[in-house]
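Chain by chain, the residues:
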Amino acid sequence: MFKLLKYAKNYMVPAILSPLFMIGEVVLELMIPLVMADIVNLVQADGGMSDDSMNQILHLGLKMLLLALGSLVCGTLAARVASVAGMGFGSTIRGEMIGRIQNFSFSNIDRFSTASLITRLTTDVNSVQNTFLMMIRMLFRAPIMFVVALAITIIKNRQVAIPFAISLPLIAIILAIFAPIVLGRFRKMLKMFDGFNASIQENLTNIRVVKAFVRSDYEKDKFKKSNDALLQATLHAEKLMILGQPTFMIIMFGTILAIVYIAAKAISAETLRIGDFSAIFTYIMQILINFLMVVLLIAQFFMSQASAKRILEVIDEVPDIRDDDAVNTEVKDGSIEFKNVSFKYDGAQNPVIKNSSFKIESGEMVGIIGATGSAKTSLVQLIPRLYDVTDGEILVGGVNVKDYKIHTLREEVSMVLQKNVLFSGTIAENLRWGNKNATDEELVEACKIADAHSFISSFPDGYNTELTQGGSNVSGGQKQRLCIARAILKKPKILILDDSTSAVDTFTDSKIRKGLRECIPATTKVIIAQRISSVEDCDKIIILENGGINDIGTHDKLLERNEIYKDIYESQQKGSDDFDVMGGVS
Ligand SMILES: Nc1ncnc2c1ncn2[C@@H]1O[C@H](COP(=O)(O)OP(=O)(O)OP(=O)(O)O)[C@@H](O)[C@H]1O
Ligand SMILES: [Mg+2]
């Protein structure tokens with residue numbers, strides 16, 4: 001928690017002003033019972049009937065009113081600046097976390113789940129923000145109130161303070177025993193929250209799949225389970241806290257009872273005046289209330305420790321793909337070379353790519369083919385450094401990818417991910433993700449290459465058509481072509497299409513390849529596909545098998561000499577032609 005305090009730097013002024021106003025409020029508030037005592041003592045002395053004492057009482061009453069008003073103003077100001085500081089603190093932490101997350105590599109993201117990141121950004125930040133708010137509001141107020149009220153009570157009458165000597169240590173002991181248990185339970189609850197968020201997030205993002213598979217009941221059941229688990233964990237954590245309140249109340253009222261008893265005896269023995277007792281009684285309430293406040297503050301502090309730790313985990317996570325020492329800000333050409341590259345996912349047992357070497361010349365069109373799970377995606381993700389190689393090196397334009405500034409490398413290596421998404425906004429806005437300064441002509445040109453122009457033009461709003469929820473109002477194949485156009489707009493030296501035409505018909509597929517070959521001849525094109533027809537006209541085709549390269553060659557050569565290739569080719573030939581002849585309808 002203390003480590004997070006540096007994010008309150010910009011809000012130091014309100015954070016300091018608040019306790020200052022608070023002290024004003026406390027001092028004024030504490031003076032009120034003293035004035036009250038004077039009034040009561042006056043009344044007790046002569047019944048308050050004489051004109052003189054009437055005047056004095058009025059005078060004192062006015063003083064009380066002013067003190068109360070002053071205290072109110074100070075209190076309001078203190079609360080106002082405290083919330084400015086508190087909210088500012090929270091939003092600074094959130095900003096810092098988002099900044100870090102943006103720099104995360106894919107493997108950093110693998111390590112935290114998205115759901116857990118969301119809980120950390122919301123629930124956890126709220127918790128530390130509330131603690132901070134409470135701290136600046138109460139940190140000074142409660143202890144000051146407590147100490148001053150206790151001091152005045154002891155000065156006025158020592159005997160009356162005796163019950164405190166028993167009750168206060170008692171509360172402290174109870175707390176010391178139960179706080180760690182509550183804390184442990186709270187940690188567990190936060191973990192449950194992660195799981196709960198994960199289940200909701202998955203359900204809501206994939207609601208269409210859930211419906212398609214008529215799995216609503218199953219999902220409802222799953223939700224109920226994680227919701228119940230969360231409820232139990234919360235109740236388990238809160239149970240002790242709930243027990244705490246009556247326990248403290250019993251101690252509190254016991255203390256008051258003892259004090260009233262002692263005071264009654266003192267008054268009848270005439271060692272204590274009624275007026276003084278009325279003041280003391282107010283202070284006693286203040287002592288107990290503020291002691292409980294301090295206790296609550298400590299409890300809240302410990303509870304938010306768990307959240308602070310989870311926030312710091314995000315802030316302190318070191319992005320494992322860095323470019324601090326890289327100097328190159330220009331990629332010479334689109335050549336790619338793998339030199340004895342091996343790659344293993346974090347936490348996985350075996351490497352998915354083993355000691356692979358090959359070379360692709362600048363401007364070539366290369367196909368990659370292989371069974372599902374043969375590490376095609378894993379292989380190409382290494383080129384723009386979405387993951388880093390475990391062993392060996394990858395050269396782009398003759399230079400190790402690690403020696404480029406990441407921004408430079410990713411500008412020049414444009415990749416259409418296998419699981420690609422569009423964002424809410426118009427088609428044009430989405431395309432300009434690739435290049436925010438692209439002119440309308442450039443948009444059309446890129447869309448023509450990706451064979452997207454014709455279907456976009458057929459929409460009433462054309463390029464200004466709004467895409468809802470990341471493209472749910474365009475078809476799968478249309479979405480893929482928009483993603484390809486978006487990547488082309490970057491005018492990269494290397495364009496990687498990871499199974500990006502899987503949802504378009506073979507006729508459109510070949511039109512797109514023709515467009516790529518003719519319109520951006522200098523760009524190196526790497527095309528991953530499941531269908532041989534998607535790669536057969538490539539300059540060379542790489543066959544992946546078992547994490548290694550099985551063969552590299554042209555379609556004709558591979559068909560002659562490679563058994564795997566021949567098998568795939570023949571299995572895909574059967575019965576697929578009749579549809580292709582019809583051509584694609586987009
Ligand atoms: N983020 C990840 N963390 C751990 N293992 C992964 C991760 N992504 C993929 N793998 C594993 O790596 C292997 C290769 O996966 P990859 O996605 O590269 O295959 P692919 O050839 O692209 O398959 P497909 O044709 O289905 O797209 C698989 O066994 C998969 O389980
Ligand atoms: Mg893949």
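What you are looking at is a predicted structure, and each value in this text was computed from that prediction instead of being measured.

About the thresholds
Residues numbered from 1 in each chain as written. Chains lettered and ligands numbered in written order. Predicted model: local features only at pLDDT ≥ 70, side-chain atom pairs only at ≥ 80, totals over all residues. Heavy atoms only, no water. pLDDT = per-residue confidence, 0-100. Helix = DSSP H or I, 4+ residues; strand = E, 2+ residues; numbered from the N terminus. Contact = heavy atoms within 4.5 Å. Buried < 20%, exposed > 50% of the residue type's maximum accessible area, 1.4 Å probe, protein only. Pairing = 2+ DSSP bridges. Salt bridge = Lys/Arg side-chain N within 4 Å of Asp/Glu carboxyl O. Near = heavy atom within 4 Å. Polar contact = N/O pair within 3.5 Å; in protein donor to acceptor, adjacent residues only side chain to side chain. Areas by Shrake-Rupley, 256 points an atom, 1.4 Å probe, with all protein chains shown as cover. Phe/Tyr/Trp six-rings, centres within 6.5 Å; stacked < 30°, edge-to-face > 60°.

### Considerations on the confidence of the model for the protein chain
Consideration 1: The pLDDT averaged across the protein chain works out to 87; a share of 97% of its residues lies at or above 70.
Consideration 2: The weakest mean pLDDT in the protein chain belongs to helix H19 (residues 577-582) at 45; the strongest belongs to strand S1 (residues 336-343) at 96.
Consideration 3: Segment residues 577-586 is flagged for pLDDT under 50; beyond a separation of four residues in sequence, or across chains, it makes 10 contacts in the model.

### Digging into the pairing of strand S11 (residues 540-545)
Consideration 1: Burial analysis of S11 places five of its six residues in the buried class, the great majority of the element.
Consideration 2: Judged from the five bridges that link them, S11 and strand S12 (residues 548-553) form a sheet pairing that is antiparallel. Bridge pairing in S12 places Ile 541 opposite Gly 553.
Consideration 3: Connecting S11 to the antiparallel partner S12 that follows it, the hairpin turn spans two residues, and Asn 546 within it adopts a positive phi of roughly 55 degrees.

### Points about the pattern of salt bridges
Consideration 1: Under the criterion given, the structure shown has 26 salt bridges.
Consideration 2: Arg 120 is paired through a salt bridge with Glu 313; the nearest N and O atoms lie 2.7 Å apart. Residue Arg 120 is located in helix H4 (residues 114-138), and its partner Glu 313 is located in helix H9 (residues 274-316); the two are separated by 193 residues in the primary sequence.
Consideration 3: In this structure, Lys 339 engages Glu 393 in a salt bridge whose closest nitrogen and oxygen atoms are separated by 3.9 Å. Within this pair, whereas Lys 339 is found in strand S1, its partner Glu 393 is found in strand S4 (residues 391-396), the two being separated by 54 residues in sequence.
Consideration 4: Relative accessible area serves as the criterion here: at 29%, Glu 393 is assigned to the partly exposed category.
Consideration 5: One network of salt bridges, in which partners are shared, links Arg 111, Glu 317, Asp 320 and Asp 346.

### Side note on the site of ligand 1
Consideration 1: Residues in close proximity to ligand 1 total 14 residues, the closest being Thr 372, Lys 376, Thr 377, Ser 378 and Gln 418.
Consideration 2: In the model, an oxygen atom of ligand 1 is placed 2.9 Å from a nitrogen or oxygen of the Gly 373 main chain.
Consideration 3: In this structure, Gln 530 approaches ligand 1 through a side-chain N or O atom, which is 3.1 Å from an oxygen atom.
Consideration 4: For ligand 1, the protein covers 62% of the area, taking 640 Å² as the surface of the free molecule.
Consideration 5: It is helix H10 (residues 376-381) that contributes the most residues to the shell around ligand 1, three residues altogether.

### Overview of the packing of aromatic side chains
Consideration 1: Applying the stated criterion across every chain, the model contains 11 aromatic pairs.
Consideration 2: Seen from their ring centres, Phe 343 and Tyr 345 are 4.9 Å apart, and the 75 degrees between their planes marks the pair as edge-to-face.
Consideration 3: Since its relative accessible area comes to 24%, Tyr 345 is described here as partly exposed.
Consideration 4: With a centroid separation of 5.9 Å and 75 degrees between ring planes, the pair formed by Phe 455 and Phe 459 is classed as edge-to-face.

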